[in-house]
Amino acid sequence: MKSKPYTFLIGSTDDFESMDELLEHFEGSDYPGSICNCSSYEFEAPSDCHKETVTMIGRGIAFSNDWCMDDTYSCVVDGTLAACKT
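None of the values given here were measured: they were computed from a predicted structure. (Residues numbered from 1 in each chain as written. Predicted model: local features only at pLDDT ≥ 70, side-chain atom pairs only at ≥ 80, totals over all residues. Heavy atoms only, no water.)

Once that is clear, we can look at the packing of aromatic side chains. Taken as a whole, this structure holds 1 aromatic pair when the rule is applied. Ring geometry for Tyr 6 versus Phe 43: centroids 5.9 Å apart, planes at 25 degrees, classification stacked. Taken as a pair, Tyr 6 in strand β1 (residues 3–12) and Phe 43 in strand β2 (residues 38–46) lie far apart in primary sequence, 37 residues in all. Taking the relative accessible area as the measure of exposure, Tyr 6 reaches 4% and is therefore buried. Assessed through its relative accessible area of 9%, Phe 43 is described here as buried. (Phe/Tyr/Trp six-rings, centres within 6.5 Å; stacked < 30°, edge-to-face > 60°. Helix = DSSP H or I, 4+ residues; strand = E, 2+ residues; numbered from the N terminus. Buried < 20%, exposed > 50% of the residue type's maximum accessible area, 1.4 Å probe, protein only.)

As structure tokens, then:
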């Protein structure tokens, strides 16, 4: 089965005022050298996986790294951060 790369982005509402600001941060910064309270987690899932399942995988990775839903913005983007910047 073919897999597809994804990146789960998450950041604190203390550092970001909106989801758009979080996305702009990752698109325009030299993360992971940023000083904001945010993280990205790259992973692969089967290419026929439903978007909801892909989101749950990303959340599971983030929550396993001490993040939670409270006071955060988060989303899944297709591909890797490097691919997002090109």
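There is a patch of like negative charges on the surface, built from Asp 14, Asp 15, Asp 70 and Asp 71. Note that Asp 70 resides in the loop between α2 (51–63) and β3 (72–78). Residue classification places Asp 70 among the exposed positions, given a relative accessible area of 57%. (Patch = residues over 30% accessible without salt bridge, like charges linked within 9 Å, V, L, I, M, F, W, Y side chains within 5 Å. Areas by Shrake-Rupley, 256 points an atom, 1.4 Å probe, with all protein chains shown as cover. Salt bridge = Lys/Arg side-chain N within 4 Å of Asp/Glu carboxyl O. Lys, Arg positive; Asp, Glu negative; His and termini not counted. Charge placed at Lys NZ, Arg CZ, Asp CG, Glu CD.)

Tyr 6, Phe 8, Ile 10, Tyr 41, Phe 43, Ala 45, Val 54, Ala 62, Trp 67 and Val 76 form the largest nonpolar core, which has 10 residues in total. Those elements that place two or more of their residues in this core are β1, β2 and α2. Among the nonpolar cores identified, the runner-up in size contains 8 residues, and Leu 22, Cys 38, Cys 75 and Val 77 belong to it. (Core = buried A, V, L, I, M, F, W, Y, C linked by side-chain atoms within 4.5 Å.)

Here we take up the pattern of salt bridges. Scanning the model with the defined rule gives 2 salt bridges in all. Asp 78 is the salt-bridge partner of Lys 4, the closest N and O atoms lying 3.6 Å from each other. Taken together, the residues span a long stretch of sequence, with Lys 4 in strand β1 and Asp 78 in strand β3 at a distance of 74 residues. Accessibility expressed as a relative area gives 30% for Lys 4, which makes it partly exposed. Judged by its relative accessible area of 42%, Asp 78 is partly exposed. Between Asp 78 and Lys 51 there is a salt bridge, and its shortest N-O distance comes to 3.3 Å. Highlighted residues: Asp 78 in strand β3 and Lys 51 in helix α2, separated in sequence by 27 residues. A single network of salt bridges, built from pairs that share partners, joins Lys 4, Lys 51 and Asp 78.

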